[in-house]
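Architecture at a glance
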Amino acid sequence: MTGAAGVVAGVMGTAVAAGDAAAVPVRRDEASGAGVSSPGRRRDVARRELRGMWVASVVNLDWPSKPGLPAAAQKAELIAYLDKAVELRLNTVVLQVRPTADALWPSPYEPWAQYLTGVQGKDPGWDPLGTAVSEAHRRGLELHAWFNPYRVANHTDPSRLAATHPARLHPDWVLPYGGKLYYNPGIPEVRRFVQDAMLDAVRRYDIDAVHWDDYFYPYPVAGQVFDDDATYATYGAGFPDKASWRRDNTDTLVRETAERIKAIRKNVQFGISPFGVWRNAATDPLGSDTKAGVQTYDDLHADTRGWVKKGWIDYICPQIYWNIGFAAADYAKLLAWWSEAVRGTGVDLFVGEALYKAGDPAQPAAWQDPAELSRHLDLAADHDQVRGHVYFSGKDVVTDRIGAMARVVGDHYPGRVLPPR
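Bear in mind the structure is a predicted one, so any value in this text is a computation, not a measurement.

1. Side note on the sheet that holds strand 7 (residues 174-177)
The sheet built from three strands is open, its strands ordered 6-8-7 with antiparallel pairing. Because the sheet does not close on itself, it has two edges, and the strands there are strand 6 (151-153) and strand 7. Taking the axes of each pair of neighbouring strands and ignoring which way they run, one obtains an average angle of 40 degrees across the sheet. With four bridges connecting them, strand 7 and strand 8 (residues 180-183) associate as antiparallel partners. What sits directly across from P176, in strand 8, is L181.

Okay, structure coming up:
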């Protein structure tokens, strides 16, 4: 046991560490709110499971709360998230450290992220990633470093990037699309560079995992074209069509990154959190009983199911961001589909949960019920392949608009447990 896992064992005490079975899960009686055991629906003993939250830095979504705060204030806000995780009996924080082809550590490859100081490339006066790792481990938390491989900017003006930004030094690497700038995944030098940039953090810090989100090729934008025709003409020989070539580019990035992570630190996990639908069954009989408007295989050129079946990644955390019974993409159906997708592969399944929807008046009625998320965990208890849940995102964990997170903790997290290893 290495990294934070060993620290967690020490923090949680010998009862949990020795047997991973120190507490009996309890849920609340729906009518009275009283605690009742539910051995038919819940596991009778606590086992290792991941309990995490995402903390996003892009556009200052979660942290820092705004750019330009003094270093001490930034650090205090970060530590407050870690302390909240401990309070809620979570064991993992997934911190976004490369939001837009930049860095939240002193990287030799890319500039400091603008979300720290308000100026891309400006030294914030401290090392956020290094601090996050050490402070998380002190609290018995795992720190998963969250990277976005290809997004360069949330605008299309390269002149707004830091003068030394690789995207300015290599303008041929970059394509505008949908009001944003992206690195072109079809260029081998781009794939090598983004790997080098991300793996710098693996070499330098005792992170517990490399974590990617759902962005590979960009989400489709109506009426716009991701103009990689010239790249396809150069590198696409031997592929039946551009879509197959694009998927191979993404496959190559995933496979090579997985190999390089293990070559640097064998104990560092590699996890990916894709959009929740691989393919609809109407498109592919192996797909899920859904009618999603986006399919990762076809639209993002990301064969998420394939990566699981080939064992390239350590865990997959699909963003199943819909309620139970949602017609186009039913949480219950997707949970069952992903459970079967990972069965026998050795890849852990964690479920990305849309805490941000709870209490949002723009969301369906199910999300106005504080018990919706807790019911997700009830369902997951019937699927042994599910090894945990991750909640989006940090500010919603803290504000907990209608008490949905508190309900999850009260119903399902009676004590702290170790994350899977």
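Moving on from the model shown.
2. Let's talk about the pairing of strand 8
In the sheet, strand 6 pairs with strand 8 via two bridges, with the strands oriented antiparallel. Counterpart to R151 in the pairing with strand 8 is Y182. Between strand 7 and strand 8, which follow one another and run antiparallel, lie two residues, and G178 among them has a positive phi close to 60 degrees.

3. As for the layout of surface pockets
By volume, the largest pocket is sized at about 450 Å³. What lines the largest pocket is a set of 22 residues, among which D214, Y215, Q319, Y321 and F392 lie closest to the centre. Its residues assigned to classes, the lining of the largest pocket comprises 13 nonpolar, four polar and five charged.

4. Section: the packing of helix 7 (residues 188-204) against helix 9 (residues 242-264)
Close contact between helix 7 and helix 9 brings their axes to 10 Å; oriented N to C, the two are set at 30 degrees. The orientation of helix 7 with respect to helix 9, classified from their angle, is roughly parallel. Two packed elements cross with a definite hand, and for helix 7 against helix 9 that hand is right-handed. For the pair formed by helix 7 and helix 9, the contact residues are R191, R192, V194, Q195, D196, L199, V202 and R203 on the first element and N249, T252, L253, E256, T257, R260, I261 and I264 on the second.

5. A closer look at the packing of aromatic side chains
According to the stated counting rule, one finds 24 aromatic pairs in the structure shown. A centroid spacing of 6.4 Å and a plane angle of 40 degrees characterise the contact between Y321 and F392, whose relative ring orientation is tilted. A residue pair is termed long-range when its members are at least 10 positions apart, and Y321 in the loop between strand 11 (315-316) and helix 12 (331-342) and F392 in the loop between strand 13 (386-391) and helix 14 (394-399) qualify at 71 residues. Taken individually, Y321 and F392 each receive the classification buried, so the pair is uniform in this respect. Aromatic ring contacts, followed pair by pair, group W54, Y321, Y356 and F392 into a single cluster. The ring of Y215 carries the charged tip of R151 above its face, separated from the ring centre by 5.3 Å. Between R305 and the ring centre of W278, over which it is positioned, the NZ or CZ distance is 5.4 Å.

What counts and how
- Residues numbered from 1 in each chain as written.
- Predicted model: local features only at pLDDT ≥ 70, side-chain atom pairs only at ≥ 80, totals over all residues.
- Heavy atoms only, no water.
- Pairing = 2+ DSSP bridges.
- Helix = DSSP H or I, 4+ residues; strand = E, 2+ residues; numbered from the N terminus.
- Axes fitted to C-alpha atoms, helices over the stretch in contact; angles between N-to-C directions.
- 1 Å grid on protein atoms, 1.4 Å probe; cavity = no way out; pocket = protein on both sides within 12 Å on 5 of 7 lines; lining within 4 Å.
- Points joined across faces, edges and corners; volume = space filled by probe spheres on them.
- Nonpolar A, V, L, I, M, F, W, Y, C, P; charged D, E, K, R; others polar.
- Parallel < 35°, antiparallel > 145°, perpendicular 65-115°, else oblique.
- Left-handed = near helix turned anticlockwise from the far one by under 90°.
- Contact = heavy atoms within 4.5 Å.
- Phe/Tyr/Trp six-rings, centres within 6.5 Å; stacked < 30°, edge-to-face > 60°.
- Buried < 20%, exposed > 50% of the residue type's maximum accessible area, 1.4 Å probe, protein only.
- Lys NZ or Arg CZ within 6 Å of the ring centre and 35° of its normal.

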